[in-house]
Amino acid sequence: MIAANDPDNESTQAYLPDFCAASTLFIIVLVAELIAIMLTLASHDAEHQFLIELSETSFFVLWIALLGTALMCQLTSYLEAAGQTRAFVMSFVVLELTCLVVAESAWQLTRIFGQSLIIEDAHTKFLLRTMAINSIVMALAMRYLYISSEWRRSIVLEAQARISALQALIRPHFLFNSMNTIASLTRTDPRRAEEAIEDLSDLLRANLGNATNRSSLKQELETAAIYQRIEKLRLGDRLNVRWDVAALPMRARIPSLTIQPLLENAIYHGIELLPDGGEVTVTGTRDGDHLEITISNPVPIGEKRNTGGNKMAMSNIRQRFELAYGSKGSVNIDDAGDRFTVSLRFPLDEGEDEE
Amino acid sequence: MKVLVVDDEQPARARLRQLLDDEESYEYVGEAGNGKDAVLLSAELRPDIVLLDIRMPGLDGIETAHHLNMQDNPPAIVFTTAYDEYAIDAFDARAIGYVLKPVRRAKLTAALEQASRLAPSTLISVASQANMSVARKHVCSRSQTELKLIPVTEISCFRADQKYVTVYHDSGQDLIDDSLRALVDEFSDDFVRIHRSALVAVARIDRIEKTDDGKSRVVLRDKSQVDDEELIISRRHLAEVRRRLKGV
């Protein structure tokens with residue numbers, strides 16, 4: 001779970017159970033026995049042979065189960081590294097091969113040591129029958145493991161989103177600078193100081209709200225505009241923002257606190273570093289049932305960029321987009337040349353608004 | 001005590017001025033909105049103390065402090081910052097005076113009272129701890145009448161005479177006070193030493209050519225600036241120059 005909190009390292013999340021654990025082994029033995037009982041119930045021909053047939057079937061099934069478990073215990077770390085789909089496909093192949101080997105061995109042993117209750121067919125027929133049963137059981141097991149791994153994954157994602165939402169809170173840098181601006185304005189321009197305090201309060205209120213919720217585009221843009229007003233007091237003519245968002249339906253839903261943090265990034269990593277400032281552009285376009293919002297800012301040329309904080313803000317918004325939209329939404333970054341551009345693309349959802 | 005206020009944000013400067021105006025023993029003498037103006041204004045107004053914002057576009061606070069230090073009788077420096085945990089740790093570790101924004105009157109006067117001059121080595125260690133660039137982005141040249149900041153990106157060559165170092169840059173040449181030795185250390189990323197007394201910008205080197213008497217010479221992209229005689233590579237430095245040119 002610790003590794004799963006690291007956004008760059010999502011692949012380390014376990015898809016497969018820990019086959020080396022005693023509890024897993026116990027469950028596998030239990031399931032193997034249940035399957036053996038099921039098979040025996042389905043096939044036995046006379047009452048008195050039931051227990052003998054069961055013991056032989058159990059013996060056979062347990063061999064497959066235990067050998068498979070031992071192999072999986074050795075291979076898990078390797079399979080996990082291959083990614084989810086491959087991990088499942090490769091486990092399936094490994095377990096099928098295990099089954100084939102055990103069935104073949106059983107056949108050969110029977111041939112050497114005499115007849116058996118459960119092996120009556122011809123060689124190929126026996127192998128095929130065993131493989132078919134094994135495939136069905138494996139397919140069910142894989143499906144179960146897949147669902148439970150997806151379920152764990154969604155829990156992890158949700159937890160990450162909550163953490164991200166906390167991280168999305170306003171930078172202390174901004175807060176203290178704003179306070180300093182207000183302290184200065186209280187003497188020179190009390191009216192603007194008053195407005196600044198009101199704006200700052202609204203912004204803090206928006207930040208303290210439940211940030212895992214979605215809000216309307218209208219609210220998001222308002223929060224960003226308030227943020228811009230406060231920064232404008234501090235940066236003066238150096239800060240210009242061009243809003244080109246008329247094409248966006250204002251009722252559309254969007255994860256809350258996405259636009260304001262991106263505007264904050266644009267100012268902190270762009271405008272503030274430029275002696276003459278510059279223009280941030282926020283552009284919204286609608287493309288069928290998808291919306292795209294692009295935020296672009298100039299950056300100083302030729303300076304080594306310290307993108308530490310930037311990366312955190314970006315991975316944070318990525319995570320919340322992934323949770324909200326899965327593969328239907330995307331966050332793209334273009335930092336070529338002298339501008340830094342972030343594009344958010346997400347499906348239009350006009351949901352019932354309370355307004 | 002004369003105090004110069006340096007901050008890129010107007011309200012922040014206004015705030016410091018308000019606080020200084022209330023104090024009898026400190027006199028606000030002026031303000032600058034960027035590091036370059038600060039250096040020029042400091043040379044002109046000769047403040048005792050400079051209140052210096054760390055995070056500024058262009059010349060940041062630490063680099064500005066470097067240049068202020070190079071003046072005769074340099075001013076003491078008190079840094080100001082809203083929030084910069086690495087820089088604050090660095091200041092605390094070296095007992096460097098700073099005030100946090102929003103600036104509190106009592107903290108400001110205490111910092112002004114304790115303000116002291118900062119050694120260049122202190123500034124370098126602060127810069128590296130605060131994740132800021134250690135090398136300056138400008139060098140500073142002074143004559144009796146004027147003070148000039150030359151962007152390092154415009155410099156093709158530093159050459160040392162007996163006493164001074166000459167900087168060859170896009171708009172001419174100037175004398176600076178830095179020692180070549182210190183420049184070698186500071187700008188080793190972008191400059192290479194070609195002989196005992198010359199340091200050349202790697203990006204400005206076009207190629208190496210052989211002279212008639214079998215020596216090697218650096219050819220600059222912009223040939224006009226430096227005497228050919230000065231660009232002979234000493235045998236000791238030839239391998240290093242070749243290596244740097246290959247970008248290894």
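Residues numbered from 1 in each chain as written. Chains lettered and ligands numbered in written order. Predicted model: local features only at pLDDT ≥ 70, side-chain atom pairs only at ≥ 80, totals over all residues.

1. Some details on the sheet that holds strand β3 (residues 49–53) of chain B
All names here are of chain B.
Moving on, step 1. With respect to topology, five strands assemble into an open sheet ordered β2-β1-β3-β4-β5, the strand pairing being parallel. The two strands at the open ends of the sheet, each matched to only one other strand, are β2 (27–32) and β5 (98–100). Strand-to-strand, the axes of this sheet are offset by a mean angle of 20°, without reference to chain direction.
Moving on, step 2. Note that strand β4 (residues 76–81) and β5 share three bridges and pair parallel. Each bridged residue has a counterpart across the sheet, and for Thr81 the counterpart in β5 is Leu100.
Moving on, step 3. Helix-sheet contacts for helix α1 (residues 10–21) involve β1 (2–6), β2 and β3, and the interaxial angle to β2 is about 170°.
Moving on, step 4. On top of the sheet, helix α5 (residues 105–114) reaches β3, β4 and β5; it is set at about 170° to β5, its chief contact. (Pairing = 2+ DSSP bridges. Helix = DSSP H or I, 4+ residues; strand = E, 2+ residues; numbered from the N terminus. Axes fitted to C-alpha atoms, helices over the stretch in contact; angles between N-to-C directions. Contact = placed C-beta atoms within 7 Å.)

2. Let's talk about the packing of helix α7 (residues 217–235) of chain A against helix α8 (residues 259–269) of chain A
All names here are of chain A.
Moving on, step 1. Contact geometry for α7 and α8: axes closest at 8 Å, N-to-C directions at 30°. By the angle between their axes, α7 is roughly parallel relative to α8. Between α7 and α8 lies a crossing whose hand is right-handed. Residue-level contacts link Glu220, Leu221, Thr223, Ala224, Tyr227, Gln228 and Glu231 of α7 to Ile259, Gln260, Leu263, Glu264 and Ile267 of α8.
Moving on, step 2. Of the residues belonging to the contact of α7 with α8, the class tally is six nonpolar, three polar and three charged. (Parallel < 35°, antiparallel > 145°, perpendicular 65-115°, else oblique. Left-handed = near helix turned anticlockwise from the far one by under 90°. Nonpolar A, V, L, I, M, F, W, Y, C, P; charged D, E, K, R; others polar.)

3. Regarding the confidence of the model for chain B
Moving on, step 1. Residues with a pLDDT of 70 or more make up 97% of chain B, whose mean pLDDT is 86.
Moving on, step 2. Of all secondary-structure elements in chain B, the lowest mean pLDDT belongs to helix α6 (residues 120–129) of chain B, at 78, while β1 of chain B reaches the highest, 95. (pLDDT = per-residue confidence, 0-100.)

4. Comments concerning the nonpolar core
Moving on, step 1. In this structure, Val50, Leu51, Ile77, Val78, Val126 and Val200 of chain B are the most contacted members of the largest nonpolar core, which totals 64 residues.
Moving on, step 2. In terms of domain composition, this core takes at least three residues from each of domain 1 (2–129) and domain 2 (138–246) of chain B.
Moving on, step 3. What Val126 of chain B contacts, discounting residues up to four positions off in sequence, is Ile62, Ala87, Ala90, Phe91, Arg94 and Ile96 of chain B.
Moving on, step 4. Membership of the second largest hydrophobic core comes to 38 residues, among which are Leu185, Val241, Leu248 and Ile317 of chain A. (Core = buried A, V, L, I, M, F, W, Y, C linked by C-beta atoms within 7 Å. Buried ≥ 20, exposed ≤ 12 C-beta atoms within 10 Å, placed from the backbone. Domains from an automatic or database assignment.)

5. Let's talk about unusual backbone geometry
Residue and element names in this part refer to chain B.
Moving on, step 1. Backbone torsion omega between Lys101 and Pro102 reads -5°, so that peptide bond is classified as cis.
Moving on, step 2. Positionally, Pro102 belongs in the loop between β5 and α5.
Moving on, step 3. The backbone of Arg46 shows a phi angle near 50°, a positive value even though the residue is not glycine.
Moving on, step 4. By the secondary structure assignment, Arg46 is in the loop between α2 (35–45) and β3.
Moving on, step 5. In this structure, Asn73 takes a positive phi of about 50° despite not being glycine.
Moving on, step 6. Looking at the secondary structure, you find Asn73 in the loop between α3 (61–69) and β4.
Moving on, step 7. Overall, Asn73 belongs to the exposed group, with 7 C-beta atoms counted inside 10 Å.

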